[in-house]
Amino acid sequence: GATSALSAGWSAAFLAGALGFFQVASSRDADRRLVLAGAGSLQVATARVSASIALGLIVTVMAYVTLVLRSGVGHPLHTFIAILAFALIYIGIGTLIGSFISGLLEGSLAVSLIFIIDIFSGPGMSDSGGLAQYAPTYRTAEVLIDAGVSRSTSSGDWLIVGGTVLIAMAVALASFWLSARPKS
């Protein structure tokens, strides 16, 4: 049902967020060397975002397969896309944190803190009033809950989820680009 579907989305989100953070935090020096060797900052950033998306897709497939094997899925494509949206949004969050926090422990804890706040203020865990509706995955969680109970989702919700994913990918690209730039 809805709880199982939401759990799959949260699993993909947390893993993708952590992967995004560690990819920025651990590749900063190597990326700067690549830029100094002649690769452009944008080229390096695009390659990193592509790798992050590939990792997010792998995490999504694993969460989706686990969901299908454990609970079944009423709307397969709807569910898969919503889980992928969770992963991509958290790639943006993880890379943003990685661009500001270089310590591995501190950054992973920051990703965890944002994740915990997001999960406990979302539609599956609270009344979702007030500021909760502005959480990064609020609409994505609603879309995934709809998929879990075999209910259709409004095109407006899909547009909001798509816009949130686009913003997250732009943040990831900017984070990788900024971290790849040589120090002045």
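Bear in mind the structure is a predicted one, so any value in this text is a computation, not a measurement. (Residues numbered from 1 in each chain as written. Predicted model: local features only at pLDDT ≥ 70, side-chain atom pairs only at ≥ 80, totals over all residues. Heavy atoms only, no water.)

### Some details on the packing of aromatic side chains
Each aromatic ring pair is specified by the distance between its two centres and by the angle formed by the two planes. Short version of the rule: Here is the rule: rings of Phe, Tyr and Trp (six-membered ring for Trp) pair when centre to centre is within 6.5 Å. Planes less than 30 degrees apart are stacked, more than 60 are edge-to-face, and the remainder are tilted. Partly exposed describes any residue whose relative accessible area lies between the buried limit of under 20% and the exposed limit of over 50%, with all areas from a 1.4 Å probe on protein chains only and scaled to the type maximum. For the purposes of this entry, the term helix denotes a DSSP run of H or I that reaches at least four residues, the term strand denotes a run of E that reaches at least two, and both are numbered from the N terminus.
In this structure the tally under the stated criterion is six aromatic pairs. On the basis of an interplanar angle of 65 degrees and a centroid distance of 5.0 Å, the ring pair of Phe-21 and Phe-22 is categorised as edge-to-face. Under the relative-accessibility criterion, Phe-21 is labelled buried at 1%. Note on Phe-22: relative accessible area 34%, which makes it partly exposed. With 5.5 Å between their ring centres and 90 degrees between their planes, Tyr-64 and Phe-80 make a pair best called edge-to-face. Here Tyr-64, found in helix H2 (residues 41-70), pairs with Phe-80, found in helix H3 (residues 76-100); they are 16 residues apart in sequence, far enough to count as distant.

### A look at the environment of Ala-39
Where we set the bar: Contacts between residues were defined by any pair of non-hydrogen atoms, one from each residue, lying within 4.5 Å.
Counting through the fold element by element, Ala-39 comes out in the loop between helix H1 (2-36) and H2. Aside from chain neighbours lying at most four places away, what touches Ala-39 is Leu-34 and Val-44.

### Notes on the side chain of Thr-95
Note on placement: Thr-95 falls in helix H3. Among all residues touching Thr-95, those that are not within four sequence positions of it are Gly-20, Phe-21, Val-24, Val-171, Ala-172, Ser-175 and Phe-176.

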